[in-house]
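Here is what each chain is made of, one letter per residue.
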Amino acid sequence: YGQDVRKYIDKVKCVRALLDKNGYTETESLLNVWNYVRGWDDNNIVYSHEQRRKIKGAAFSLAVMSACQYEDVDMLMYYDTRPSPFCGAFDLYTYEKLKGYYPLYWYGMFYDMDAWIKAENSADNIYSLCGVDKNGKVLAVITHYTENDYAENKQINIDFGKTGKYEIYLLDD
């Protein structure tokens, strides 16, 4: 558990290197039981439970999934989609979809794509996933995640390399 996407990626790389170094080059590498946690003390765990239900938790989840797409990790097991304090996808009592549902939903849409498109990001704290279907339709999901609650809005330019009609959906302002 954590709040720093870079630390997740560093650990993923470390595990893959350790497996390979010891002859386990064909062994799957899993990032199992992960989620947003700022800290385990009383103040931070309450804050973490609150943020998992909001845009920050959703942005963190999508940032981790997007960043891991570029790494040699075979599976991610988000903890957890059962209604609980660790669930960012569904409300504990009403089962209503929370903001954290949508990164999981959008990531699932990439299974319908024919190919993954490697996106180049030059902006800090911006994470993206891109794919193309059999008809050439591009799907892109872009998120801005930072642990800084007071970070200013981020402005980026997006270049898909072609003109066309685009639909844009925002999870939050």
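Note that residues are indexed from 1 along each chain, following the sequence as it is written. In keeping with the model being predicted, local features are shown solely for residues with a pLDDT of at least 70 and side-chain atom pairs are shown and tallied solely at 80 or more, while totals for entire chains, interfaces and linings include all residues. Hydrogens are left out, water is left out, and the side-chain values use all remaining heavy atoms of the structure.

Trainee: Describe the packing of helix 3 (residues 55-69) against helix 4 (residues 101-109), and please don't skip the residues or the numbers.
Mentor: One can describe the packing of helix 3 onto helix 4 by two numbers: an axis separation of 8 Å at closest approach and a directional angle of 30°. In terms of their interaxial angle, helix 3 and helix 4 are classed as roughly parallel. Across the interface between the two elements, A58, S61, L62, M65 and Q69 of helix 3 pack against P103, L104, W106 and Y107 of helix 4. The residue makeup of the contact of helix 3 with helix 4, split by class, is seven nonpolar, two polar and no charged. Axes here refer to lines fitted to C-alpha atoms; in helices the fit is confined to the stretch in contact. Angles between the N-to-C directions go from 0 to 180 degrees. Here a strand is any run of E in DSSP of at least two residues, a helix any run of H or I of at least four, and the numbering for each starts at the N terminus. The labels follow the angle: roughly parallel below 35 degrees, roughly antiparallel above 145, roughly perpendicular from 65 to 115, and oblique for the rest. Should any heavy atoms of two residues lie within 4.5 Å, those residues are considered in contact. Each residue gets one label: Ala, Val, Leu, Ile, Met, Phe, Trp, Tyr, Cys and Pro are nonpolar, Asp, Glu, Lys and Arg are charged, and the others, such as Gly, are polar.

Trainee: Any chance you could break down the packing of aromatic side chains for me, citing the residues and the numbers?
Mentor: Two aromatic rings from Phe, Tyr or Trp, using only the six-membered ring of Trp, form a pair when their centres are within 6.5 Å; if the ring planes differ by under 30 degrees the pair is stacked, by over 60 it is edge-to-face, and anything between is tilted. Overall, the coordinates contain 17 aromatic pairs when judged by the stated rule. On the basis of an interplanar angle of 75° and a centroid distance of 5.5 Å, the ring pair of Y36 and F60 is categorised as edge-to-face. Of this pair, Y36 sits in the loop between strand 1 (30-34) and helix 2 (42-52) while F60 sits in helix 3; the two residues are 24 residues apart in sequence, bridging distant segments of the chain. Like F60, Y36 is buried. Where Y101 meets Y102, the ring centres are 5.0 Å apart and the plane angle is 85°; that geometry is what we call edge-to-face. Taken together, the ring pairs connect Y8, W34, Y36, F60, Y78 and Y145 into an aromatic cluster. In this arrangement the basic side chain of R38 is found over the ring face of Y47, its NZ or CZ atom lying 4.0 Å from the centre. Across the ring face of F86, the terminal group of R52 is positioned such that the distance to the ring centre comes to 4.2 Å. Here's how the labels work: a residue is buried when its accessible area is under 20% of the maximum for its type, exposed when over 50%, partly exposed in between, all with a 1.4 Å probe on protein chains only. Over a ring means this: the NZ of a Lys or the CZ of an Arg is within 6 Å of the ring centre and within 35 degrees of the ring normal.

Bear in mind that shape data such as this cannot, by itself, settle questions of function.
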